[in-house]
Amino acid sequence: MRARDPDAAGFAVNEGVRVAWESFGDGAAPVLFVPTWNVVHSRISKMQVASLARRHRVVTYDPRGNGRSDCPATGYRYEDHYRDALAVMDATGLARASVVVASSGVNSAVLLAARHPERVARLVIVGASPALDDREPDPDFWRERERYMGWEKWNAPYWLAHYEDFLWFFMEEAFTEPHSTKPIEDAVGWGLETTPQLLVQGMRERREERFNLRPLLAQVQCPTLVVHGDGDHLSPLDVGAAMADAIPDARLVVFEGSGHRPDIRDPVKFNLLLFDFLSGDEPPHDRRITRAAHRPRPRALYISSPIGLGHVARDLAIANELRRLRPDLEVVWLAQHPITTVLEAAGETIHPASRHLASESAHVESEMGEHELRVFEAWRRMDEVLLANFMLFHEVVRDDRYDLWLGDEAWELDHYLHENPELKSAPYVFMTDFVGWLPMDDGEGSREALLAADYNAENLEQVERYPYVRDAALFVGTAADVVPRSFGPGLPYIPDWVERQFDFPGYILPFEPADYADTERIRRELDLDPKRPLIVATVGGSGVGVYLLRRIAEAFRLLRRNVPDARLLVVAGPRIDPAAIEPVEGMDVVGYVRDLFRTLAACDLAVVQGGLTTTMELVATRRPFIYVPLRGHFEQNLHVVHRLRRYGAPPPTSYEDATPQRLAEEMFERLGRDVTYAPVESGGAARAAELIAPLIEERKGTTASSARVMVG
């Protein structure tokens, strides 16, 4: 799913060739992203578009030969690409725009700026790969070789015979930074949307064109920003420095340790640099700055994960305990649906910028199958959503001072703060109830195992390199709840590492279990018939649970043959239409139940997904339950199952086994059964608040930026 969908889309036409464009936002000072050569298309700018479109109109387009644009057999000269850019500007009504371009796209962008200075307000060049002379290219490019090792794969016969292997090699050379698996995979995927024949044709035509960009550089009249990584394997830093020297009003920014595309691998640093450059002498947007000395109350900004509703329940409990310790504390939430449903019902303050958050829940639902969510892959494909949301967070805390940041499984916040520690300006608390991305197939050397280990390794490196980024790290549970696994081959044992890095406040419940021990009293308070067996089915805050709810409803139909007076309450959640569940006699379907734990405490049986919050609330209130983890969901199948086993909860029921007939049998067997769970510790929210509250008084320093600025 995209962080932001286009507001308009269409085609420009250049000499009969259709060039597909998309337009985002309607702000002033429009920005045009000019593509590089047609080995990739416009989605390569995804890490910039959503954030930029909140203040500018942004236009992107696919190069001829890739994406939604036409793929003519010929017409791939730099001159053709330049005319495509001009056609897109005309088709989208861009009389004048700032231009952002990367790699070899610099040739057509400079042509545009030099020939039409009135139409280019500012120019941003990333990883420049210009044609700086008109000499004959390396003749070995066209000849067959006896072997193809390394850059010998930059060869027309090899492209035609082994195109995908060339793409993997080339993209690994483009993204040389460690842990670049996701951008490499993305770029290879985009590369497979064109053909090696078209790429070879383009090389042939550009050889005949004998284009030389050098004389045009001095004709560029607009302010120009040249960004280059000092670890660029495709175009050395000297090339970017030479361009900055040759363009009259240009400056060079070197990203130390970056490869060919710092806009993709260091998107926060790049985006902030881009926003400031595009704004000129003006601030990037209106600011509201409140001097701390005049603020009557300390303030905390709380970011709670929207994937499921369990996080916000414990976060509200912590916030209330913090306010008990610090009655003057104001808590502001940067949150999105469905979390906002709970926060609004609780009377909490939601930051108005929250409406700009890209929906993580919608992305998760776009990845789901039938009771299936391969959450690790879904997370990897959510990169642009997470980056857009971090950029919004940064704007919020930059423009208004907060005395504390709290992130409950706000993985994007944690990741980008560690990548950009210089942006930390307040004490920061990270909370989670699991640590360690684990492969579901678990096959030694499998793709998923290797990728999960790579993600874990990056996280460990970040945390250990910048330990001061997290002022506190809380594992929601005890040390015994940490899954006894390794992070991956050659990586630490998870429990050992977590014990060094985290404090353990115990499990955090939004209630005291002793207050809900009297089931009959709770039923009277909720106006539930104490004589009718009550079954509650709930699947959390996303739409992925609709398939399980349908099976539960059918199982309940079968159960009523043996328990005719049973009642089933189906809590569909905020993102499932109750009408999606076929009616059954004795069943009620509702969308949202405030303080659902009270209803769960009154039930005779619950049938749920494998989410930690709901299952632990059932353990705490000592209710019998059946739980069916999502297929492919490593947290529900590995981390949660380990924890529930420790408390003596029943084993999970697989979705394959959870047929209506089997569910009806399990429901009949467990309905009203006495349970022997280990008690869930109480007071977790208070202990967490006691660990957090002292940070409100602290001010910790940060390191200097890792981006070295050189003026050329």
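Burial within strand β9 (residues 299–304) is extensive, with six of its six residues counted as buried. By the alternation rule, side chains of β9 split into Arg-299, Leu-301 and Ile-303 and Ala-300, Tyr-302 and Ser-304, which are all buried. Pairing between β9 and strand β10 (residues 330–333): four bridges, direction parallel. Counterpart to Leu-301 in the pairing with β10 is Val-332.

Leu-301, Phe-390, Phe-393 and Trp-405 are the most contacted members of the largest nonpolar core, which totals 83 residues. Sort the elements by how many residues they give to this core and helix α16 (residues 383–399) lands first, with ten residues. For Phe-393, the residues in contact, after removing those within four places along its chain, are Leu-301, Ile-303, Leu-334, Trp-405 and Leu-413. Trp-333, Leu-343, Val-536 and Phe-597 belong to the second largest nonpolar core, which has 64 residues in total.

Looking now at the sheet that holds strand β13 (residues 428–432). With parallel pairing, the six strands of this open sheet are ordered in space as β11-β10-β9-β12-β13-β14. On the outer flanks of this sheet lie β11 (349–350) and β14 (472–475), each paired with one strand and no other. Pairing analysis gives two bridges linking β10 to β11, with the strands arranged parallel. Bridge assignment links Trp-333 to a residue of β11, and that residue is Ile-350. Strands in contact with helix α26 (residues 684–692) are β12 (404–408), β13 and β14; relative to β14, the strand with the most contacts, it is inclined by about 170°.

Bringing the packing of α16 against helix α17 (residues 411–419) into the picture now. Orientation of α16 relative to α17, taken along the N-to-C sense of each, is 75°, at an axis distance of 9 Å. With respect to α17, the element α16 is oriented roughly perpendicular. Residues Asp-383, Leu-386, Leu-387, Asn-389, Phe-390 and Phe-393 of α16 form the contact with α17, whose participating residues are Glu-412, Leu-413, Tyr-416 and Leu-417. Within the contact of α16 with α17, the residues separate by chemical class into seven nonpolar, one polar and two charged.

Glancing now at helix α6 (residues 181–191). The element α6 is extensively covered by neighbouring structure, given that nine of its eleven residues are classed as buried. For α6, the complete set of buried residues consists of Lys-182, Pro-183, Ile-184, Glu-185, Asp-186, Ala-187, Val-188, Trp-190 and Gly-191. If you follow the buried residues of α6, they end up packed against α1 (46–52), α5 (163–174), α10 (262–265), α15 (375–380), α16 and α18 (447–465).

Let us look at the pattern of salt bridges. Within the structure shown, the criterion is met by 52 salt bridges. For the salt bridge of Lys-46 with Asp-186, the shortest nitrogen-to-oxygen distance reads 2.8 Å. Of the two residues, Lys-46 is situated in helix α1 and Asp-186 in helix α6; the sequence distance between them amounts to 140 residues. With a closest N to O distance of 2.9 Å, Glu-185 and Arg-380 form a salt bridge. Taken together, the residues span a long stretch of sequence, with Glu-185 in helix α6 and Arg-380 in helix α15 at a distance of 195 residues. Linked by salt bridges that have partners in common, Glu-185, Glu-367, Glu-377, Arg-380, Arg-381 and Arg-447 make up one network.

The next subject is the environment of Thr-92. Position of Thr-92 relative to the elements: it lies in the loop between α2 (78–91) and β5 (97–102). The class for Thr-92 is buried, based on a relative accessible area of 8%. Thr-92 sits 84 residues away from Ala-8 along the chain, and the two C-alpha atoms are 9.4 Å apart. Discounting chain neighbours no more than four positions away, the residues touching Thr-92 are Trp-21, Arg-57 and Val-59. From its side chain, Thr-92 meets the backbone oxygen of Val-88 in a polar contact 2.7 Å long.

For the rest of this paragraph, the subject is the packing of α2 against helix α7 (residues 196–209). Running from N to C, α2 and α7 cross one another at 105°; their axes reach a closest spacing of 9 Å. Classed by the angle they form, the pair α2 and α7 counts as roughly perpendicular. Residues Tyr-78, Glu-79, Asp-80 and His-81 of α2 touch α7, and the partners they reach there are Glu-205, Arg-206 and Glu-209. Grouping the amino acids of the contact of α2 with α7 by side-chain chemistry returns one nonpolar, one polar and five charged.

So, about the side chain of Arg-623. Locating Arg-623 in the fold gives a position in the loop between α23 (612–620) and β19 (625–628). In this structure, Arg-623 is buried with no salt-bridge partner, the nearest side chain bearing the opposite charge being Asp-604 at 4.9 Å. From its side chain, Arg-623 meets the backbone oxygen of Cys-603 in a polar contact 2.8 Å long. Not counting chain neighbours up to four residues away, the residues in contact with Arg-623 comprise Thr-519, Leu-600, Ala-601, Cys-603, Asp-604, Leu-618, Val-675 and Tyr-677.

Quick notes on the rules
Residues numbered from 1 in each chain as written. Predicted model: local features only at pLDDT ≥ 70, side-chain atom pairs only at ≥ 80, totals over all residues. Heavy atoms only, no water. Buried < 20%, exposed > 50% of the residue type's maximum accessible area, 1.4 Å probe, protein only. Helix = DSSP H or I, 4+ residues; strand = E, 2+ residues; numbered from the N terminus. Pairing = 2+ DSSP bridges. Core = buried A, V, L, I, M, F, W, Y, C linked by side-chain atoms within 4.5 Å. Contact = heavy atoms within 4.5 Å. Axes fitted to C-alpha atoms, helices over the stretch in contact; angles between N-to-C directions. Parallel < 35°, antiparallel > 145°, perpendicular 65-115°, else oblique. Nonpolar A, V, L, I, M, F, W, Y, C, P; charged D, E, K, R; others polar. Salt bridge = Lys/Arg side-chain N within 4 Å of Asp/Glu carboxyl O. Polar contact = N/O pair within 3.5 Å; in protein donor to acceptor, adjacent residues only side chain to side chain. Lys, Arg positive; Asp, Glu negative; His and termini not counted.

All quantities given are derived from atomic positions and should not be read as evidence of function.
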